[in-house]
Amino acid sequence: MPHSSNPVSIRIGIHTGPCVSGLIGTKLPKWTVLGGTINTAARAEQTCRPDHVQVTEATHKLLPPGKK
């Protein structure tokens, strides 16, 4: 972190599937993405070890053979 010089640890969850996006709110609109695909990706991220990327089986099946 810039203010403490501590290392940053990240987790990433990736899932493939349908989703819906749009603006939410009228006074201060915010862009958001909704749907089961987003929830599944979020669960993959939440259960992932720090400094790793976790992909679901749906995404894994779409990866080229050399990238698995």
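Along each chain, numbering runs from 1 in the same order as the chain's sequence is written. Where totals are concerned, whole chains, interfaces and linings use all residues; where local detail is concerned, this predicted model gives features only for residues with pLDDT of at least 70, and gives and counts side-chain atom pairs only at 80 or more. Side-chain numbers here rest on the full set of heavy atoms in the structure, without hydrogens or water.

S.K.: Could you clarify how one ought to interpret the overall build of the chain in this entry?
M.R.: A count of helices and strands for the chain gives two helices and four strands. In the chain, the succession of helices and strands from N to C terminus is β-β-β-α-β-α. Relative to the globule expectation of 11 Å for 68 residues, the C-alpha radius of gyration of the chain, 16 Å, shows a markedly less compact shape. Projected onto the principal axes, the alpha-carbon positions of the chain cover approximately 45 × 40 × 20 Å. The cut-offs for exposure are 20% and 50% of the maximum accessible area for each residue type, with area from a 1.4 Å probe on protein chains only; residues under the lower value are buried, those over the upper are exposed, and the others partly exposed. The buried share of the chain, reckoned over its 68 residues, is 12%. Nonlocal contacts in the chain, meaning residues at least 24 apart in sequence, comprise 57% of its contacts between residues at least 6 apart. Per the convention used, a helix needs a DSSP run of H or I reaching at least four residues, while a strand needs a run of E reaching at least two, with both numbered from the N terminus. Put simply, the radius of gyration uses C-alpha atoms, and a globule should come to 2.2 Å times the residue count raised to 0.38. We call two residues in contact when some of their heavy atoms are within 4.5 Å.

S.K.: What should I look at first to understand the side chain of Thr 37 in this one?
M.R.: Mapped onto the fold, Thr 37 is located in helix α1 (residues 36–46). In protein, a polar contact requires one atom able to donate a hydrogen and another able to accept it; more generally it is a pair of N or O atoms within 3.5 Å, and residues adjacent in sequence count only if both atoms are side-chain atoms. At a separation of 2.5 Å, a polar atom in the side chain of Thr 37 contacts the main-chain carbonyl oxygen of Pro 18. In contact with Thr 37, other than residues within four places in its own chain, are His 15, Thr 16, Gly 17 and Pro 18.

S.K.: In this structure, what is going on with the UniProt feature "domain: Guanylate cyclase" (unreviewed entry) in the chain? I would like to understand it.
M.R.: UniProt positions are given in the numbering used here, feature names are shortened, and annotations may be inferred rather than shown by experiment. Under the feature "domain: Guanylate cyclase" (unreviewed entry), the UniProt entry names residues 1–45. End-to-end, the C-alpha atoms of residues 1–45 are 21 Å apart, and along that stretch the chain is 22% helix and 31% strand.

S.K.: Sorry, what's going on with the side chain of Thr 56 here?
M.R.: Considering the arrangement of structural elements, one finds Thr 56 in the loop between β4 (52–55) and α2 (57–60). Assessed through its relative accessible area of 16%, Thr 56 is described here as buried. Among residues more than four places away in sequence, those in contact with Thr 56 are Ile 14, His 15, Thr 16 and Thr 40.

S.K.: Help me understand α1, please; the structure alone is not making it clear to me.
M.R.: Side chains of residues three or four places apart in an α-helix project in the same direction, reflecting 3.6 residues per turn. Along α1, the residues that are buried comprise Thr 37, Ala 41 and Ala 44. One side of α1 carries all its buried residues, which in axial view fall inside an arc of 55 degrees. In this structure, the buried side of α1 is in contact with β1 (11–14) and β4. Note that the arc is computed from the directions linking the helix axis to the C-beta atoms.

S.K.: How should the pattern of salt bridges be read in this particular structure?
M.R.: Any two side chains of opposite charge can pair if their charged atoms end up close together. Should a side-chain nitrogen of Lys or Arg be within 4 Å of a carboxyl oxygen of Asp or Glu, the pair is scored as a salt bridge. In the structure shown here, the tally under the stated rule is two salt bridges. The shortest N-O distance in the salt bridge between Glu 45 and Arg 11 comes to 2.9 Å. Here Glu 45, found in helix α1, pairs with Arg 11, found in strand β1; they are 34 residues apart in sequence, far enough to count as distant. Judged by its relative accessible area of 36%, Arg 11 falls in the partly exposed class. Between Lys 61 and Glu 57 there is a salt bridge, with the nearest N and O atoms lying 3.6 Å from each other. One exposure class covers both Lys 61 and Glu 57, and it is exposed.

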